[in-house]
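# Survey of secondary and tertiary structure
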Amino acid sequence: MAHASSTRQILTAAHWGPVQVETDGERVLTSRGVLDTALPNSLQTVVADQVHSPARIRYPMARKGFLASPEAPLGERGKDEYVRISWEQALDLIDKQHRRIRTAYGPGAIFAGSYGWRSIGVLHKSSTLLQRYMALAGGYVGHLGDYSTGAAQVIMPYVLGSNEVYQQQTSWPVVLEHSEVVVLWSANPLNTLKIAWNASDEQGLNYIAALRDSGKTVICIDPMRSETVEFFGEQARWVAPRPGTDVALMLGIAHTLVVNRWLDSDFLARCTEGYPQFADYLTGLDDGQPKDARWAAAICGVPQAQICQLAELFSQRRTLLMGGWGMQRQQYGEQRHWMLVTLAAMLGQIGLPGGGFGFSYHFANGGNPTRRAAVPASMQNTLPGAGRVVDSIPVARIVEALENPGGHYRHNGEDKTFPDIRFIWWAGGNNFTHHQDTNRLIRAWQKPELVVISECYWTPAAKHADIVLPATTSYERNDLTMTGDYSHQHLVPMKQVVAPQYEARNDFDVFADLSARLSDDGRLRFTQGKDEMAWLAEFYQVARQRGAEKGVVLADFATFWAANQLTEMPQQEENNRFVRFADFRADPRANPLKTPSGKIEIYSARIAGFGEPDCPPHPAWIAPDAWWGNREPGQLQLLSAHPAHRLHGQLHYSRLRELYQVAGREPVTLHPDDAARYGIAPGDLVRVWNACGQVLAGALVSDGIRPGVICIHEGAWPDLAPEAGGICRQGAVNVLTRDIPTSRLGNGCAGGMALVWIEKYSGPQPAPAAFIP
Ligand SMILES: Nc1nc2c(c(=O)[nH]1)N[C@H]1C(S)=C(S)[C@@H](COP(=O)(O)OP(=O)(O)OC[C@H]3O[C@@H](n4cnc5c(=O)[nH]c(N)nc54)[C@H](O)[C@@H]3O)O[C@H]1N2
Ligand SMILES: Nc1nc2c(c(=O)[nH]1)N[C@H]1C(S)=C(S)[C@@H](COP(=O)(O)OP(=O)(O)OC[C@H]3O[C@@H](n4cnc5c(=O)[nH]c(N)nc54)[C@H](O)[C@@H]3O)O[C@H]1N2
Ligand SMILES: [Mo]
């Protein structure tokens, strides 16, 4: 353990939790997590790669065709070369073109929605800083929702009056004490709990480990035998429906409850609205088709007897349905969580300790009890000029907006019009990795007059920009954060580990310089006269005040900063016993939900009023456009679950790739029956394709996936080879997904599912070039 005396240990934090980073003052040597955890987290080990990766952007760069003619750019984005320019030159160029476009077309032509997972910290939030600058400049087009829960977060408020996906859950101690059956429905917490939106408090996996050791019945409903199923081993039962068919499976269970009189009519009467309308659909009174277990089995591929067993088990035991989000990132995704809530309502355990449903146990450590915490302020709270967001588009509809400026569309019951976007700035998102149908995106991306990307790495998004600005990583600057999106468990200083690499600069300083170009007092308005440490001291001071009101005493800022240590917040005993919906259940009249009826809406008159053909007024099975039921001969169903050793595209360039890549590319998991059928051996290079595009991937043959289904995890960087018919050399799944909305209610990302062909690949083998600047 002895470290050379010339090295130092510095505490900082990332989405993947607080990390201790060892440096010799110039380079990062090692990194490791500092919290007590049941399982190691690979993401914490590659800070050195993050800082020193050859994929880093070293200098401001401009696309040749843009530089030659900034007002009417030449060449094609994605095919052009880049030349190095100075920071002064880059910022002058941006300032001039920004002014030109803003004067000619107004703020409605400037998209600064800039969705993405950037880095954590209360100060250096790249997209927030971009929006701060754009607000000072006179406004911009923002975004609505996110890729994560685009469907669920829009439908849930109609059903429950709250979004449920980003809310504290019934506490884990209660679950461990009272639940008898825990169902992980489309959730893979072993992967997804490695990170949080702020720094992870890393307690979720400890609770998952405790759940395994508790001997309770655990059921995982997932077309893949995920890392979570593997982790539970003998403790869990794996149920593998066809992708996209969960509503049918839930209806089959619900119908079985009805025929056996296992449903809780008293709860339905007291706490829900519209069950009778739904019951007519469920029993087939309205369309002649009972949604019974036999009907469901034919659709979802789970045997009828197993569906009946699940109904019996759920109704006879205290059951908690933990819903993940993969199943709603699909066409008609709104139906999934609506039907899961309906099923939980029929079981009648919502609001009981350890019963009902929860939609954030697999994300950001939901269920880790909220602490009595001193929470700092953040840059987000200081955005100037409310009303500077002149328009907002649903986040996953960006390509549709570029293709169809002025076009009419529906969103969440409203009539809307797409803006005419001419200038796009992305800071802290990798939209060429996260967005569906990459080839369609590339075509649409030629339309704007100016595209600027602030990035740490040469991502595919950077490789499709006009001006590329090198950003520092969070290890090259000072910041601070809470751990635990829900728990607020620790306050952590994020101390600078090494100096900014090459010519990388903090987004804060870049936008301050650009604000100075807006007006004489622009810089002052942007910075409010404060530098990095002054902002942090102020944000920390807010935490001290908030803490003082709750009896939590924090050290003064200088002491906190010098200590290089976590501050842990005290527990709050009543939060350890928190049961979601307990008050509502006890007295729905006194504690109504924020729905029109005050109750759980199984039938929603408001949604009926919207008349959306793709979102009916009660949960229903609607066959997707592209699924098992309408595949062409030879086609397979494709999943794009979230990866174990990346956060989307983040860390893809790191040496963690050695843990998962096959044939030098992204792995594609396929069942041995399918491998035999297509003549594919483990480790083979394969081609996967459909009408959207084609990718090369490495075959990972495993019986841990349902036959007829394959999986390529999301987040690999697209790397299209022009010389080989545009094939993606890296295996980026979004080359194969369609860019369609979940429905015109939520307009969420529906990239979770597609139909594809697969074959062993024997053509020329273009070398992957994704990580080469
Ligand atoms: N097919 C399919 N597609 C999906 C999904 C799926 O399940 N299936 N999942 C979707 C979901 S849920 C999400 S959330 C999205 C994720 O999509 P993104 O959030 O766009 O993915 P990230 O790779 O995290 O991108 C963040 C980028 O910010 C950069 N960055 C980090 N720190 C800084 C900084 O300080 N300054 C600047 N300027 N840049 C910084 C990183 O280098 C990285 O490239 O993907 C979506 N896409
Ligand atoms: N390590 C790591 N952790 C992450 C992320 C990451 O990229 N890496 N991303 C973070 C982000 S931004 C988000 S939004 C969350 C995402 O959290 P989720 O959306 O819950 O994650 P997914 O992996 O997309 O899906 C969870 C499981 O659902 C399964 N599934 C897919 N389709 C279906 C279906 O039709 N039916 C059923 N029953 N199951 C299905 C998948 O096989 C997968 O095992 O994770 C977060 N955590
Ligand atoms: Mo997400």
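Bear in mind that the values here come from a model prediction, so they are computed numbers and not experimental data. (Residues numbered from 1 in each chain as written. Chains lettered and ligands numbered in written order. Predicted model: local features only at pLDDT ≥ 70, side-chain atom pairs only at ≥ 80, totals over all residues. Heavy atoms only, no water.)

### Let's talk about the overall build of the protein chain
Heads up, the rule is: Helix and strand definitions follow DSSP, with helices as H or I runs of at least four residues and strands as E runs of at least two, each counted in order from the N terminus. The globule rule used for comparison is 2.2 Å times the number of residues to the exponent 0.38, while the radius of gyration itself is calculated over C-alpha atoms. Residues are treated as being in contact if the distance between any of their heavy atoms lies within 4.5 Å. Note that accessible areas follow from Shrake-Rupley with a 1.4 Å probe, and for residues the cover is restricted to the protein chains shown. We treat Lys and Arg as the positive residues and Asp and Glu as the negative residues; His and chain ends play no part in the count. Note that the charge is assigned to NZ on lysines, CZ on arginines, CG on aspartates and CD on glutamates.
Per the secondary structure count, the protein chain includes 26 helices and 31 strands. Relative to a compact globule of 773 residues, whose C-alpha radius of gyration would be 28 Å, the protein chain shows 26 Å and is just as compact. Principal-axis analysis of the C-alpha atoms places the extent of the protein chain at approximately 75 × 65 × 55 Å. Restricting to contacts in the protein chain with at least 6 residues of sequence separation, those with at least 24 account for 76%. Only carbon and sulfur atoms are counted for the fraction: they give 49% of the accessible area of the protein chain, which is about 26600 Å². With 71 positive and 78 negative side-chain charges, the protein chain shows a spacing of 1 Å between the two charge centroids.

### A few points about the site of ligand 1
Rules: Consider each residue's heavy atoms; a residue with any of them within 4 Å of a molecule or strand counts as near. Think of a polar contact as two N or O atoms within 3.5 Å of one another; within protein, one of them needs to be a possible hydrogen donor and the other a possible acceptor, and neighboring residues in sequence only count if both atoms come from side chains. All residues other than Ala, Val, Leu, Ile, Met, Phe, Trp, Tyr, Cys, Pro, Asp, Glu, Lys and Arg, Gly among them, are scored as polar; the first ten of these are nonpolar and the last four charged. Where each domain starts and ends comes from a domain assignment, either automatic or drawn from a database.
Lining the immediate environment of ligand 1, one finds 34 residues, of which Trp117, Ser119, His434, Glu455 and Asn734 sit closest. Between ligand 1 and the protein, one listed contact pairs an oxygen atom with a side-chain N or O atom of His642 at 3.0 Å. The contact in question runs from an oxygen atom of ligand 1 to an N or O atom on the backbone of Gly649, over 2.9 Å. Against a free-state accessible area of 920 Å², the protein chains account for coverage of 98% of ligand 1. Each residue belonging to the shell around ligand 1 can be placed in one class, and the counts come to eight nonpolar, 20 polar and six charged. Of the residues that make up the shell around ligand 1, three or more belong to each of domain 2 (61-145 + 388-568) and domain 4 (628-760).

### Topic: the nonpolar core
How we decide: As used in this record, nonpolar core signifies buried Ala, Val, Leu, Ile, Met, Phe, Trp, Tyr and Cys residues forming a set joined through side-chain atoms within 4.5 Å. Three labels apply to residues, based on accessible area from a 1.4 Å probe with only protein chains included: buried if under 20% of the type maximum, exposed if over 50%, partly exposed otherwise in between.
Residues Trp185, Phe314 and Leu343 are the most contacted members of the largest nonpolar core, which totals 133 residues. For this core, the leading source of residues is helix α15 (residues 334-347), giving nine residues. Apart from the residues within four sequence positions on either side, Phe314 is in contact with Val183, Trp185, Ile219, Ile253, Thr319, Leu321, Leu347 and Gln349.

### Considering the site of ligand 2
Around ligand 2, the surrounding shell holds 32 residues, and the nearest of these are Asp222, Gly244, Asp246, Arg329 and Arg646. A distance of 2.8 Å is found between a nitrogen atom of ligand 2 and a backbone nitrogen or oxygen belonging to Arg646. Looking at the shell around ligand 2, its residues break down into 15 nonpolar, 12 polar and five charged.

### A short note on the UniProt feature "binding site: Mo-bis(molybdopterin guanine dinucleotide)" (unreviewed entry) in the protein chain
Applied cut-off: UniProt positions are given in the numbering used here, feature names are shortened, and annotations may be inferred rather than shown by experiment.
Those places that UniProt annotates as "binding site: Mo-bis(molybdopterin guanine dinucleotide)" (unreviewed entry) correspond, in this numbering, to Trp117, Arg329, Asn430, His434, Arg477, Asp507 and Asn734. These annotated residues cover 618 residues of sequence, and their C-alpha atoms reach 35.0 Å apart at the extreme, placing them across more than a single site. Within the fold, Asn430 resides in the loop between β17 (423-427) and α17 (431-434). Filtering out sequence-adjacent residues up to four positions away, Asn430 remains in contact with Thr459, Pro460, Ala461 and Trp717.

### Re the environment of Asp479
One can find Asp479 in strand β20 (residues 479-482). As a C-alpha pair, Asp479 and Leu536 span 57 residues in sequence and 6.6 Å in three-dimensional space. Beyond its immediate stretch of four places on either side in the chain, Asp479 contacts Ile120, Gly121, Val122, Leu123, His124, Pro493, Met494, Leu536 and Trp561. A polar side-chain atom of Asp479 sits 2.9 Å from the main-chain amide nitrogen of Val122.

### What to know about the packing of helix α10 (residues 246-259) against helix α12 (residues 275-283)
Between two packed helices, what matters for the description is the angle formed by their axes and the separation of those axes. Let me state the cut-off plainly: All axes here are fitted lines through C-alpha atoms, helices being fitted over the stretch that makes contact, and every angle between N-to-C directions spans 0 to 180 degrees. An angle counts as roughly parallel when it lies under 35 degrees, as roughly antiparallel when it exceeds 145, as roughly perpendicular when it falls between 65 and 115, and as oblique in every other case.
For the pair α10 and α12, interaxial distance at closest approach is 10 Å and the crossing angle is 100 degrees. Here α10 is positioned roughly perpendicular relative to α12, judged by the angle of their axes. Along its contact with α10, which presents Leu251, Ala254, His255 and Val258, the element α12 presents Tyr275, Phe278, Tyr281, Leu282 and Thr283. Within the contact of α10 with α12, the residues separate by chemical class into seven nonpolar, two polar and no charged.

### With respect to the sheet that holds strand β3 (residues 28-33)
For the record, the criterion: A pair of strands is labelled paired if DSSP reports no fewer than 2 bridges between them.
In spatial order, the strands read β1-β2-β3; together these three strands make up an open sheet with antiparallel pairing. The sheet terminates laterally at β1 (8-14) and β3, the two strands that pair on one side only. Within the sheet, the average angular offset between the axes of one strand and its neighbour, ignoring direction, is 30 degrees. Bridge count for β1 against strand β2 (residues 17-23) is seven bridges, and the pairing is antiparallel. The residue bridging Ile10 from the neighbouring strand is Val21, located in β2.

### Describing the side chain of Thr737
Within the fold, Thr737 resides in the loop between β30 (727-728) and β31 (753-760). In terms of polar contacts, Thr737 uses its side chain to reach the side chain of Asn734, at 2.8 Å. Those residues within four positions of Thr737 in sequence are excluded, and the remaining contacts are Gln436, Asp437, Cys692, Gly751 and Ala754.

### Section: the UniProt feature "domain: Molybdopterin dinucleotide-binding" (unreviewed entry) in the protein chain
Under the present numbering, the feature "domain: Molybdopterin dinucleotide-binding" (unreviewed entry) in UniProt falls on residues 636-746. A distance of 27 Å separates the end C-alpha atoms of residues 636-746, which is 5% helix and 25% strand.

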